[in-house]
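# Structural overview for review
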Amino acid sequence: MSDDEYVFDEASGEWIPAAEAAAKAEAADTVEVRDSVGNLLQDGDQVTLIKDLTVKGAGQTLKRGTLIKSIRLTGDAQEIDCKFDGIKGLVLRAEFVRKR
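Each chain has its residues counted from 1, running along the sequence as written. Since the coordinates come from a predicted model, pLDDT governs what is reported: local features require at least 70, and pairs of side-chain atoms require 80 or more to be given and counted, while whole-chain, interface and lining totals use all residues. Side-chain descriptors were evaluated using all non-hydrogen atoms of the structure, hydrogens and water having been removed beforehand.

### Re the overall build of the chain
Let me state the cut-off plainly: Helix numbers and strand numbers start at the N terminus; a helix is a DSSP run of H or I with at least 4 residues, a strand a run of E with at least 2. The globule rule used for comparison is 2.2 Å times the number of residues to the exponent 0.38, while the radius of gyration itself is calculated over C-alpha atoms.
A tally of helices and strands in the chain yields one helix and 12 strands. Going from the N terminus to the C terminus, the chain shows its helices and strands as β-β-α-β-β-β-β-β-β-β-β-β-β. In terms of C-alpha radius of gyration, the chain reaches 20 Å, well past the compact-globule figure of 13 Å for 100 residues. Projected onto its principal axes, the C-alpha positions of the chain cover 65 × 25 × 20 Å.

### A closer look at the sheet that holds strand β9 (residues 72-73)
Selection rule: A pair of strands is considered paired only if DSSP assigns at least 2 bridges between the two.
Taken together, three strands build an open sheet; the order of strands is β9-β10-β11 and the sheet is antiparallel. Both edges of this open sheet fall to β9 and β11 (87-93), since each of them pairs with a single strand only.

### Regarding the packing of aromatic side chains
Formally: Any two of the Phe, Tyr and Trp rings considered here, Trp counted by its six-membered ring, make a pair once their centres fall within 6.5 Å; the pair's planes then place it as stacked at under 30 degrees, edge-to-face at over 60, or tilted in between. Note on exposure labels: buried denotes an accessible area under 20% of the residue type's maximum, exposed denotes more than 50%, and partly exposed covers the range between, all computed with a 1.4 Å probe on protein chains only.
All chains considered together, the criterion is met by one aromatic pair. Centroid distance F8 to W15: 5.4 Å. Interplanar angle 65°. Geometry classified as edge-to-face. By relative accessible area, which is 39% here, F8 ends up partly exposed. W15 gets classed as exposed once you look at its relative accessible area, which sits at 59%.

### Observations regarding the pairing of strand β1 (residues 6-9)
Both β1 and strand β2 (residues 14-17) contribute to a ladder of four bridges, which runs antiparallel. For Y6, the partnering residue across the bridge sits in β2 and is P17. Here β1 folds back onto β2, and the loop between the two strands holds four residues, one of which, G13, carries a positive phi near 75°.

### Here's the deal with the side chain of T48
Heads up, the rule is: Should any heavy atoms of two residues lie within 4.5 Å, those residues are considered in contact.
Structurally, the position occupied by T48 is in strand β5 (residues 47-49). Once residues lying within four places of it in the same chain are set aside, the contact partners of T48 are G65, T66, L67, F96, V97, R98 and R100.

### Some remarks on the sheet that holds β5
The strand order across the open sheet formed by three strands is β8-β5-β12, and the pairing between neighbours is antiparallel. Taken across any chain shown, the strands that pair with only one partner, and hence form the sheet edges, are β8 (67-68) and β12 (97-99). In the sheet, β5 pairs with β8 via two bridges, with the strands oriented antiparallel. From the neighbouring strand, T48 faces β8, where its bridge partner is L67.

Structure (structure tokens):
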């Protein structure tokens, strides 16, 4: 018998080590963001647009094939934050980009 603390896991209905419960909770808090073809996106990735997008408030259209460098994940499974010349605070939907 060890000195580990055990907690009751509601999902499985079993007692599990506290460290394992913490790992499960952390995994549940992370959001997977996937591009249009299912590739997993991470902070700092480069993406290309798969269709022309009109940017609201900027009066500008981003053309298909435009390279967006150094994206940041927002915590939403479908939104990515990125920088582009002349557009401040650009947020794109992950369904319109493909990982490079």
